[in-house]
Amino acid sequence: MSRILVVDDDPLVGKALFRLLRREGFDVRVAPDGATALALLDDFAPDLVLSDQRMPGMTGAELLAQVGRRLPRARRVLLSGDAVPGAVAEYGGGVPLVTKPWEDGPLLAILRGALAALERREGDVS
Amino acid sequence: MTQGRPAAGERGSRAIIHAAFGVIDLLILVEVWGLWQRPGTAALLALNFALTAWVNGPGLDRLSSRLGVEVGEAARVAWYLCSILVVGHLTGWGVASEAYLLLELVVVGMLPTPSASWRGVVLWGGAGLVALLDGGSPLGLLLMGAGTASAFFVVHRQSRIILRMLDEAMSGRAELERAHHELKSVHATAMRQEKLAALGMLAAGVAHEINNPMSFVGSNVSALQRDLKAMPDLSASLREWADEILPETLDGIRRVNAIVADLRRFARNDRAEPEPFDLNEELEAAIRIAQSQMKCANCTLVRDLGNLPRILGRPRQISQLFLNLLVNAAQAIRGNPSGTVTVSTRAEVDGVRVSVRDNGIGMDAATRARLFEPFFTTKPVGEGTGLGLAVVHGVVADHGGRIEVESAPGRGTCFDVWLPREPPELPVPEDRPTGTWRLDAIALQRRTAEG
C-alpha cells in the first residue's frame, strides 16, 4: 500500500484529499504545514508527498526541495491555487504541478503515474 | 489675430476722431470765411466734410467687411489724400491743412499692420508733393512734414506693440489651455490604469481564495455522487440525487470554477521569456480558434496581411489578444446578413500595426469609455465575463504598444493595435502573483470559443 503525505494549511482541503486518497486504497497522512510534514518524514516514510504551494511558514516548493534532499526516493507533486488552470506543468526538478480546484480523476492519474514510475525504478534496482 | 482696427476702446477712439475732425473742420471754416466768392468753395468743403465723416464712421467699416480690410484702408487713404488736397488748396496750405494731415495720419497709423506704414508714407508723401506743387511754403511744409511723420510713427508703433502684447497673451492662454487639457487626459489614463491594476489585484486575490473551498466542495460532491451511483438499491429520492441533483450541482461547481479560471487568467503571471515571432502566424492561429465563432450565416472574414518583420514579445499573449478581439468582432456581427470582419496587418518603421474591423452593432460613447474595465460586459449573463478586453489592454500595455478604438452604434467597431518591434521591457512576474497583477495570454474565452 503506497504511502502518501498530504500537506495543506486548509484543514478542509486536507480532509477532502485524505478521504479521496484513502478510498483509493492509499495509506494517507495529512500535515497542516511544512514543519510538521518534515517531522513526519522519518516516521511515515511516504512514497509520495503532495503539497500545497502557498502555506504559512514554508512554501510547498521549499518543502518539496527539502523532501528531495532528505528522502530522495519519494515522489513529489505540487498543488497550487495560483497557477494556470488546467495546466500540469513541471515545477522545476521534475515536480508536476496540479492546480486547484483539482478534478479527482486527473489528480489520481497523476499520483498513480508518479507512484508507478517509483515502483518501476525500485523494481529495476531490486 | 485681429486684422481690423483694434476693438478695445473702439467706440471711444472713434468719438474722439470725429470730434477732432469736427474741430478742424470749424478751423477750416474760419480760415476760408470771406473767401466764398471763389467758385466751388462751399460745395467742395461741404463734400469734404460729409465724405470724411462717412470714411471715419460706419461707412468704411461696411466696405472693409465686404471687400477686406486692405481694400477699405486703401480707400480711406485715397479719400484722405483727396480731402487734404481740397483743404490744403482752399486754405493755402496753412495750419488747418497741417492739422488735417496730422489727424488723418494718426487714424491710418492706428491700424497695427505692416501695410499701414506704406499707406502712411503714401498719404504723407502725396500730400507733401502736391502741397509743394500747389505753392505751399517749403519751410512750412518741412515743419509740417516732420511733425506729422513723427506723430504717425509714434501712433503706429504703439499700435504694433499693443497688438504684439495681445498676441502673446492669447498664445500664452492657448498654450495653457493645451497643457491643461493634456494634463487632464494623462490624469484620466492614469486613473484608468490604476483602476485596472487594482481590479487585477482583487481578481487574483479573490480567485485564489475561492479555489481552496471550491476544490474540496467539488471533490466531496463528486465522491458523494460516485458512492450513490455505486449503491445497488436506492430509494426513489436518493436515485433522483444521484441522477439529477448531484450532476446539476457539479455543473454549478464547474461553472464557478470556469469563472474563477477566467479571473486567474486575467491576473496571471506569465513567465515566458520574450522571443521573436511572426505576428501574422499568431493572428492565423487566433483566426483558427475563433473560426467556430465565425460560423454564422453569411459572415465573412477578410484577411489583408502585409509582410511583417519578426517582432519581440510573448507570442501566446499576442495570439490571445487577437483571439479576444476576433471573438468580440464575431459577436458584434452575429445575425447581420452582410457581417464582415476585416483583419489587416502592416509593417511600420518602428513596429507593426494590426487592425480588426467589423461592421456590426458598434458601441456608444458610454460603452467605449468602460471598454477595458475588467468585468464590464454588454453580453448577456453567462456569456461573457467582461475580461476579454481587459486582457487585451493588459497585453498591449505589457508590450509597450498602443490600442485605439473607433466605434459608432450601428456602424461597427475598429480596434487598432500598434506593437513596437521590441517591447521596452516586458514585466517579469514575481513569484507571488497575488499582490502584483499580470495579464496572461492563454485561451481566455474557452467556454465561448468551445460553445
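My aim in this report is to walk through the structure given alongside it, one point at a time. (Residues numbered from 1 in each chain as written. Chains lettered and ligands numbered in written order. Predicted model: local features only at pLDDT ≥ 70, side-chain atom pairs only at ≥ 80, totals over all residues. Heavy atoms only, no water.)

What chain B contains, in helices and strands, is 13 helices and seven strands. Expressed as a percentage of contacts within chain B between residues at least 6 apart in sequence, the contacts between residues at least 24 apart total 76%. Carbon and sulfur atoms make up 62% of the accessible area of chain B, which totals about 23400 Å². (Helix = DSSP H or I, 4+ residues; strand = E, 2+ residues; numbered from the N terminus. Contact = heavy atoms within 4.5 Å. Areas by Shrake-Rupley, 256 points an atom, 1.4 Å probe, with all protein chains shown as cover.)

All names here are of chain B. Among the secondary structure elements, His-156 is positioned in helix α7 (residues 138-230). On the basis of relative accessible area, His-156 is assigned to the buried category, the value being 4%. Within the structure, His-156 has its side chain in polar contact with the side chain of Ser-117 (distance 3.2 Å). Sequence-distant contacts of His-156, that is, excluding residues within four places in its chain, are made with Gly-109, Leu-111, Pro-112, Thr-113, Ala-116 and Ser-117. (Buried < 20%, exposed > 50% of the residue type's maximum accessible area, 1.4 Å probe, protein only. Polar contact = N/O pair within 3.5 Å; in protein donor to acceptor, adjacent residues only side chain to side chain.)

Moving on, we come to helix α5 (residues 95-109) of chain B. Here α5(B) is 15 residues long and its end C-alpha atoms lie 21 Å apart, about the 21 Å a rise of 1.5 Å per residue gives. Taken together, the buried positions of α5(B) are occupied by Ala96(B), Ser97(B), Tyr100(B), Leu101(B), Leu103(B), Glu104(B), Leu105(B), Val107(B), Val108(B) and Gly109(B). (Expected span 1.5 Å × (residues − 1).)

Moving on, we get to the packing of aromatic side chains. Residue and element names in this part refer to chain B. This model, assessed by the stated rule, comprises three aromatic pairs over all chains. Ring centres of Phe-21 and Tyr-100 lie 5.4 Å apart, and the angle between their planes is 90 degrees; this geometry places the pair in the edge-to-face category. Of this pair, Phe-21 sits in helix α1 (residues 10-32) while Tyr-100 is found in helix α5, placing the two residues 79 residues apart along the sequence. Comparing Phe-21 with Tyr-100, the two get one shared label, buried. Taken together, a centroid distance of 5.0 Å and an interplanar angle of 80 degrees make the contact between Phe-152 and Phe-153 edge-to-face. Looking at Phe-153, the relative accessible area reads 45%, which means it is partly exposed. Grouping aromatic residues by their ring pairs yields a cluster made of Phe-21, Tyr-80 and Tyr-100. Note that Arg-402 overlies the ring of Trp-418, its terminal NZ or CZ placed 4.3 Å from the centroid. (Phe/Tyr/Trp six-rings, centres within 6.5 Å; stacked < 30°, edge-to-face > 60°. Lys NZ or Arg CZ within 6 Å of the ring centre and 35° of its normal.)

All names here are of chain B. In the contact formed by helix α2 (residues 41-56) and helix α4 (residues 69-91), the axes pass within 10 Å of each other and the chain directions differ by 150 degrees. By the angle between their axes, α2 is roughly antiparallel relative to α4. For the pair α2 and α4, the crossing hand works out as left-handed. From α2, Thr-41, Leu-44, Leu-45, Leu-47, Asn-48, Leu-51, Thr-52, Val-55 and Asn-56 reach across to α4, where they touch Arg-76, Trp-79, Tyr-80, Ser-83, Val-86, Val-87 and Leu-90. In terms of residue class, the contact of α2 with α4 is made up of 10 nonpolar, five polar and one charged. (Axes fitted to C-alpha atoms, helices over the stretch in contact; angles between N-to-C directions. Parallel < 35°, antiparallel > 145°, perpendicular 65-115°, else oblique. Left-handed = near helix turned anticlockwise from the far one by under 90°. Nonpolar A, V, L, I, M, F, W, Y, C, P; charged D, E, K, R; others polar.)

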